[in-house]
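Structural description and commentary
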Amino acid sequence: MLNIVLFGPPGAGKGTQSEMLISQYQLVHLATGDIFRYNIKNGTELGKLAQQYMDKGQLVPDEVTIKMLNAEVEKRPEAKGFIFDGFPRTNPQAEALDALLASKNTSITCMLALEVPEEELKMRLLKRAEVSGRADDANIEVIENRIAVYNNETAPVKSYFDKQDKLSLIDGTGSIESITERLFKAIDAKL
Ligand code: AMP
């Protein structure tokens, strides 16, 4: 199996680039933010709980997020591989993901970490708010909180995969196509 963690701060282009990778490598896309938003739209208990955190730009608690991710992986026994987008965001989530994949006799192939300067992230997110309808994109204080949460709680996950020799840092600036090319190259080097 080819299992990719597509990593990076909010606004780094994870969603956009996931679309490119799915079609190139026939992967199942699991984006935890999208799954939470789907639950919010449908008024589920999970959605109600997640929304309290998302509106403030905080992380949904690990226990809830890990349980949901495990269930999503279990739903796709036919998958040739997964692209994890927006997960793991903490070291406990990374450990849980490793354990889950190990129980299926597979593992993470690589973590691709998109790097974009903070000022560009803020500009991209405010611009995205015009079309995404996402409340957490429209408010600069929430955006700044999301970036701070990324720096404090999520960025350490890079070291977790670096220790396993699975981390590739990818320049996330420039055209969408040029970033996709960099990602393809990094993946193909691991195949
Ligand atoms: P995203 O769509 O990836 O930008 O995620 C939007 C929001 O969903 C985040 O700001 C968090 O509140 C929540 N979220 C998404 N993925 C996770 C995760 N792996 N762990 C905790 N919270 C998450």
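Notes on the structure follow. Just so we're clear, the structure is a prediction, and the values are computed from it rather than from any experiment.

**Quick word on the sheet that holds strand β2 (residues 28-31)**
- Across the sheet, five strands lie side by side as β2-β3-β1-β4-β5; this open sheet has parallel pairing. In this open sheet, the two edge strands, each paired with only one partner strand, are β2 and β5 (167-171). Direction aside, neighbouring strands of the sheet carry axes that sit 20 degrees apart on average.
- Taken together, the five bridges between strand β1 (residues 2-7) and strand β3 (residues 81-85) define a ladder with parallel strand orientation. Residue pairing for β3: I4 is matched across the bridge by I83.
- Across the sheet, helix α2 (residues 32-41) lies against β2 and β3, angled at about 70 degrees from β2, the strand it touches most.

**What about α2?**
- Turning to α2, its buried residues number three or more, namely T32, G33, I35, F36 and N39. All buried residues of α2 lie within an arc of 165 degrees about the axis, which places them on one face of the element. Exposed residues on α2 whose side chains face more than 90 degrees from its buried face are Y38 and K41.
- Of the surrounding elements, those touching the buried residues of α2 are β2, α3 (45-54), α4 (62-74) and β3.
- Just past α2, the residue G43 takes up positive phi, approximately 65 degrees.

**What about the pattern of salt bridges?**
- Tallied over the full model, the rule gives 14 salt bridges.
- Between E74 and K104 there is a salt bridge; the shortest N-O distance is 3.1 Å. Residue E74 is located in helix α4, and its partner K104 is located in the loop between α5 (91-103) and β4 (110-115); the two are separated by 30 residues in the primary sequence.
- By relative accessible area, E74 is classed as partly exposed at 47%.

Basis of the calculations
Residues numbered from 1 in each chain as written. Predicted model: local features only at pLDDT ≥ 70, side-chain atom pairs only at ≥ 80, totals over all residues. Heavy atoms only, no water. Pairing = 2+ DSSP bridges. Helix = DSSP H or I, 4+ residues; strand = E, 2+ residues; numbered from the N terminus. Axes fitted to C-alpha atoms, helices over the stretch in contact; angles between N-to-C directions. Contact = heavy atoms within 4.5 Å. Buried < 20%, exposed > 50% of the residue type's maximum accessible area, 1.4 Å probe, protein only. Arc of directions from axis to C-beta. Salt bridge = Lys/Arg side-chain N within 4 Å of Asp/Glu carboxyl O.

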